[in-house]
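Listed below, chain by chain, are the residues.
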Amino acid sequence: MITALVGNPNTGKTSLFNHLTGSYEYVGNWSGVTVEKKIGRLKEIKGDLIDLPGVYSLYPFSKDESVVIQFFLNETFENIINIVDASQLERNLQLTVQLLEFGSPVIIGLNMIDVAERRGIHINAATLSRKLGLPVVPITARSGKGCHELTQQLTSINGVKGNIPNIQYGDAIELGITKITEILKEKELNLPTRWLALQVLEGNPDARIYIEHWVSKDSVQKIIDFVEREVKEKTSFSSASRLIFEKRRIWIDEVIQDSISTQSEQKKNWTERIDKIVTNRWLGIPIFLFFMFLMFTVTFDWIGTPLSDLLDSFISGPLSNWIDAGLNAVGASSFIQDLVTDGIVAGVGGVLVFVPQIFVLFLFISLLEDSGYMARAALVMDRVLEKVGLNGKAFIPMVIGFGCNVPGVMAARTIEQPKERLLTVLLTPLMSCSARLSIYALFVGAFFDKHQAIVVFSLYVLGIVVALVLAKLFSKVLMKNEPSMFVIELPPYRVPHALTLWRSTWDKGKGFVRKAGTFIFGGSVAIWLLSYFGPGGMGVDLDHSFLAIVGGWFAPLLAPLGFGIWQAGAALITGFLAKEVVVSTMGIIYHTPDSTALQGLLSHYFTPLSAYSFLVFVLLYIPCVATVAAIRNESSSWKWTVFSIGYALVIAYVLAIIVYHGGKLILGI
Amino acid sequence: MSTLLELLEGKAGSISDLSQVDEALKHRLLHVGVFEGCPIKLKCVMPFGGPCMVECQGQLLGIRRCDAQKIKVECES
């Protein structure tokens, strides 16, 4: 049994999905958190549940929305759970009608009843259920209340035929439906033809492409033209889609009339009060910047670094001693001992010490996502982003990119306009991700001890500024101008749930820790082997190892940037795997499992200025392998993928030169 | 009849005409629940030509100023 979970954006589908399947998928408080379909196994009964991106209608405006219509057109499923936002009942039912017309059995999960009550809207679920002729289960998706009943209902409707609403769309549309049904007759379609015909007449591009597989383009176009002409001539509506919407609205009003009661205007809620401040004309942007700065101060100066120092002294002290003792006890060869202590402990441990900073950062990002502020920030930033050829919505992928660029790149799917989406995909990798944070943490600890937060903050700002400048450049030079569109839903604020917050932080952090166990572990072993072997054989002097040779090829290229040493070259090449590997490589090259000692050693090879130039280069130089794969996926083009690598290298090189030589001039060195 | 932007902040009006709004946007607004006849309120306008925040049927939305200008409203007295 396969059940599809469908509903408007930001109504809690994924929260419900997590409760029903016991999985943990990404949730947040803005429209468009889920951008692809996800499959999970139901906990209580046998069957699969499919979580789909939120849509207002089956008509797709953006890439994430077309996932839903494609699912309906091409995949088989038995039941639908339609999650409905009680505070926006009328609008949500527009989608419900389209689901009902599909003919599969539907259950409604009525969510956000508390929000509705606060607005003075009371809904009688029993009456609504009777009027619609399907089960309506009140739920609280965040806490999981009502999930049991929902599952019970699911077993009771399975196999029952859906209750198709009796809506007459008027002569023009009905005639159109008949004509489409006629040309589709005798084609072996597995889809309900009335539903399909309505989707086509509404102008749904995906539905149209679908039927054009079966019948000629011309015959479809003829019917559509006919219907549109009829609608314009014989009704007061401007288009067929508007007429269809209106007919459905009348039907919905009829249905909800008896099941909904509204009290007069409620007192000012606190969403409005907060909005008065954070989206204030003048305070909006300063507040946002202040919040970001606070985030870095807490991450570095207040909580992250002290914790990270503790962890560091544990890894380099007791843990290393235990490992040494253990290896001695089992009588490991000196090769193995070196591999473990100088390779794995130095490489993996060097990255793991930064876990506290990264978790604090993730906690902040989760807080942003869960509170409802994300959409506001997108609104506040729209003007700036519009100026450079982007869209306020591009801001959300960018903030997510601060955590990890891969989900950031994917989040760009919610942007309606293809040019703006492509630009966002190309530029999100410039957002400084948490992996890069570990490199900054290593270097700022060594060179800018007193000003850690401000130096790191400057790198984040640099990433954003470069992204904005390049957006302007690319949109002017490379892409043709298309009309832009910006509509964003501003969800009510929510006090973030401690549990949700923790899970969402953990889920992001888990990826980082897992990477330490796989990529970074493997990378560390490989790098250590390269540093252990050389043309001269085993256990060569580090300066004559393969690693030094390969790094040495790049050193002359890096000399103008202030760090023309083979160590930097080697670290940067390995950083393509995952940016943290830069830290591992440094740890292995300089033979210190302890990041404090490493920081001390680094000052022999870098000056503060060349260290900063190195960080600028690291920020920009190339997206990591996983991000490159995501860019390829989202842009569906190798050309753009290669372009994203190429421009990043060029810009990193140029800016690092400017920083290094400009800095030298200013400082008078 | 005036445009949505001319509504005083916090004042309510009802949408009377959307015909000048770009087709795709009009379609989008329709599905979000913004269409002719709906009561609508201008909540705030961002500086430097930035977007504005409107409330329609209990739903807060952000739209661009140039689009808000094309939405004609009937003021409630």
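Residues numbered from 1 in each chain as written. Chains lettered and ligands numbered in written order. Predicted model: local features only at pLDDT ≥ 70, side-chain atom pairs only at ≥ 80, totals over all residues. Heavy atoms only, no water.

Asker: Please explain the overall build of chain B as it appears in this structure.
Answerer: Looking only at helices and strands, one finds 2 helices and 6 strands in chain B. Of the regular secondary structure in chain B, the N- to C-terminal order runs β-β-α-β-β-β-α-β. On C-alpha atoms alone, chain B measures out to a radius of gyration of 11 Å, which is about the 11 Å that the 2.2 N^0.38 rule sets for 77 residues. Principal axes of the C-alpha set define a box for chain B whose edges measure 30 × 25 × 25 Å. Counting only residues that meet the buried cut, chain B has 58% of its 77 residues in that class. When the accessible surface of chain B is totalled, it reaches about 3000 Å², and 52% of it is carbon and sulfur. Within chain B, the 10 negative side-chain charges are centred at a point lying 5 Å from the centre of the 9 positive side-chain charges. (Helix = DSSP H or I, 4+ residues; strand = E, 2+ residues; numbered from the N terminus. Rg over C-alpha atoms; globule rule 2.2 N^0.38 Å. Buried < 20%, exposed > 50% of the residue type's maximum accessible area, 1.4 Å probe, protein only. Areas by Shrake-Rupley, 256 points an atom, 1.4 Å probe, with all protein chains shown as cover. Lys, Arg positive; Asp, Glu negative; His and termini not counted. Charge placed at Lys NZ, Arg CZ, Asp CG, Glu CD.)

Asker: Sorry, what's going on with unusual backbone geometry here?
Answerer: Outside of glycine, negative phi angles account for most residues, and trans bonds account for most peptide bonds. One non-glycine residue, Asn10(A), lies in the positive phi region at around 55 degrees. Position of Asn10(A) relative to the elements: it lies in the loop between β1 (2-7) and α1 (13-21). In this structure, Phe48(B) takes a positive phi of about 55 degrees despite not being glycine. Relative to the helices and strands, Phe48(B) is located in the loop between β3 (39-45) and β4 (52-56).

Asker: In this structure, what is going on with the sheet that holds strand β6 (residues 72-75) of chain B? I would like to understand it.
Answerer: To summarise the sheet geometry, strands pair through backbone hydrogen bonds and adopt either a parallel or an antiparallel arrangement. Spatially, the 7 strands line up as an open sheet ordered β9(A)-β5(B)-β4(B)-β3(B)-β2(B)-β6(B)-β1(B), and their pairing is antiparallel. The open sheet has two edge strands, β9 (487-490) of chain A together with β1 (2-3) of chain B, and neither has a second partner. In terms of strand pairing, β1(B) meets β6(B) through 2 bridges, oriented antiparallel. In the sheet register, Ser2(B) faces β6(B), and the bridge partner there is Val73(B). (Pairing = 2+ DSSP bridges.)

Asker: When you look at the nonpolar core in this model, what are you seeing that I'm missing?
Answerer: Soluble, globular proteins show a tendency: their nonpolar side chains are buried together. Residue and element names in this part refer to chain A. Membership of the largest hydrophobic core comes to 135 residues, with the highest contact counts inside it found for Leu427, Phe443, Met586, Phe606 and Phe614. In terms of residue count, the dominant contributor to this core is helix α22 (residues 452-477) (11 residues). In terms of nonpolar packing, the next biggest core, distinct from the first, is built from 66 residues, Leu100, Leu128, Ala172 and Trp195 among them. (Core = buried A, V, L, I, M, F, W, Y, C linked by side-chain atoms within 4.5 Å.)

Asker: What is the right way to look at the packing of aromatic side chains in this model?
Answerer: Ring pairs (aromatic) are described by centroid distance and by the angle formed between their planes. Residue and element names in this part refer to chain A. Taken as a whole and assessed by the stated rule, the structure comprises 37 aromatic pairs over all chains. Over the ring of phenylalanine 226 we find lysine 179; its NZ or CZ atom is 4.4 Å from the centre of that ring. The ring of tyrosine 493 carries the charged tip of arginine 376 above its face, separated from the ring centre by 4.2 Å. (Phe/Tyr/Trp six-rings, centres within 6.5 Å; stacked < 30°, edge-to-face > 60°. Lys NZ or Arg CZ within 6 Å of the ring centre and 35° of its normal.)

Asker: How do you make sense of the pairing of β4(B) when you look at a structure like this?
Answerer: The two faces of a sheet get side chains in turn, since along a regular strand they alternate between them. Residue and element names in this part refer to chain B. Extensive coverage of β4 is indicated by the burial of 5 of its 5 residues. Relative to β4, β3 runs antiparallel, the two sharing 5 bridges. Looking at β4, one finds that isoleucine 40 is bridged to cysteine 56. Where β3 hands over to β4, the hairpin turn is made up of 6 residues, of which phenylalanine 48 adopts a positive phi near 55 degrees. Bridging between β4 and strand β5 (residues 59-63) involves 5 bridges; their strand directions are antiparallel. Bridge pairing in β5 places methionine 53 opposite glycine 62. Joining the antiparallel neighbours β4 and β5 is a turn of 2 residues, in which glutamine 57 adopts a positive phi near 50 degrees.

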